[in-house]
Amino acid sequence: MAAREIRIYPDPVLKTICSPVTIPDDSLDALVQDLLDTMYQSGHSVGVAAPQIGDTRRVVVVDVSASKLGRDENHGSLVMINPEILDREGKKTMREGCMSVPDYTGNVTRAEMVVVQFLDRQGREQVIRASGFEAVAIQHEMDHLDGNLFLDRVSNLKTDVFRRKKR
Ligand code: ZN
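Values in this document were obtained by computation on a predicted structure and should not be read as measured data.

What counts and how
Residues numbered from 1 in each chain as written. Predicted model: local features only at pLDDT ≥ 70, side-chain atom pairs only at ≥ 80, totals over all residues. Heavy atoms only, no water. Core = buried A, V, L, I, M, F, W, Y, C linked by side-chain atoms within 4.5 Å. Buried < 20%, exposed > 50% of the residue type's maximum accessible area, 1.4 Å probe, protein only. Helix = DSSP H or I, 4+ residues; strand = E, 2+ residues; numbered from the N terminus. Contact = heavy atoms within 4.5 Å. Expected span 1.5 Å × (residues − 1). Pairing = 2+ DSSP bridges. Axes fitted to C-alpha atoms, helices over the stretch in contact; angles between N-to-C directions. Lys, Arg positive; Asp, Glu negative; His and termini not counted. Salt bridge = Lys/Arg side-chain N within 4 Å of Asp/Glu carboxyl O. Disulfide = S-S within 2.5 Å.

S.K.: Please set out the nonpolar core residue by residue, giving values where relevant.
M.R.: If you look at the biggest cluster of nonpolar residues, it comprises 22 residues, and the most contacted ones within it are L78, M80, V116, I128 and I138. Those elements that provide at least two residues to this core are strand 2 (59-62), strand 3 (78-89), strand 6 (113-119), strand 7 (125-131) and helix 2 (132-145). The biggest single contributor to this core is helix 2, with 7 residues. If sequence neighbours within four positions are ignored, L78 has contacts with V60, V61, V62, F118, I128, E134 and I138. Membership of the second largest hydrophobic core comes to 16 residues, among which are I6, L31, I53 and V79.

Here you go:
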């Protein structure tokens, strides 16, 4: 298990509608571990979705607990298999980035609170209520499972997308 190479836009796998996991098996657990390794070894990422490492199963990982914006309110390390949003409330606009779109950030408006149902790494059904930055991160990662990037969510590509400063 290891961090995997991140697929970069316009790699076609990022436009794929991913498939639900039907039979959890060892390859699923290996995928989960690779997603976690990829997220944590990046040093700054708060989430990774399976298509970003070239796998088209509906699996994402999210952890905003180490980020300034998310540390006060979070569920720690989340493994979400077949996630579904059951309810959403409010609106929140944040500047988003994505490892698959390394040169740009963008202002995106999403729900401020979401109730999400998913299977965890052990295959148990979970329902959580997430808000603020964690809710935004979950929605961003779930978008990847339907082939959507934050670039598809900005209201105006001319005024709401920003080139990152060279590091
Ligand atoms: Zn992303």
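S.K.: Describe helix 2, listing the residues and the values that go with them.
M.R.: In this model helix 2 runs 21 Å from its N-terminal to its C-terminal C-alpha over 14 residues, within 8% of the 20 Å that 1.5 Å per residue would give. Within helix 2, 14 of the 14 residues are buried, which leaves it mostly tucked inside the rest of the structure.

S.K.: Tell me about the environment of F133, and name the residues and values.
M.R.: Within the secondary structure layout, F133 lies in helix 2. Residue F133 is classed as buried on the basis of its relative accessible area, which comes to 17%. Through-space distance from the C-alpha of F133 to that of N74 is 8.5 Å; in sequence the pair is 59 residues apart. Setting aside anything within four residues of it in sequence, one finds F133 in contact with V46, V64, S67, L69, G70, K92 and M94.

S.K.: Explain the sheet that holds strand 3 to me, using residue names and the numbers behind them.
M.R.: The 5 strands are arranged 1-2-3-6-7 in an open sheet whose pairing can be described as antiparallel. One side of each edge strand has no neighbouring strand; the edge strands of this open sheet are strand 1 (47-49) and strand 7. In this sheet, neighbouring strand axes are inclined to one another by 35° on average, regardless of whether the strands run parallel or antiparallel. Where strand 2 lies against strand 3, 4 bridges are found, and the strand directions are antiparallel. The residue of strand 3 that forms the bridge with V60 is M80. The strands touched by helix 1 (residues 26-42) are strand 1, strand 2 and strand 3; relative to strand 2, the strand with the most contacts, the crossing angle is about 35°. Those strands touched by helix 2 are strand 1, strand 2, strand 3, strand 6 and strand 7, and its axis lies near 110° from that of strand 3.

S.K.: Outline the side chain of D160, listing residues and values.
M.R.: Here D160 is to be found in the loop between helix 2 and strand 8 (161-163). It is R95 that comes nearest to the buried, bridge-free D160 among opposite-charge side chains, at 7.9 Å. When residues no more than four places from it in sequence are discounted, the contact partners of D160 are T105, G106, N107, V154 and S155.

S.K.: Break down the state of the cysteines for me, citing the residues and quoting the values.
M.R.: Tallied over the full model, the rule gives 0 disulfides. Take C18: it sits in no disulfide, and the sulfur closest to it among the cysteines is that of C98, at 13 Å. Given the relative accessible area of 4%, C18 is considered buried.

Keep in mind that these numbers describe shape and distance, not what the molecule does.
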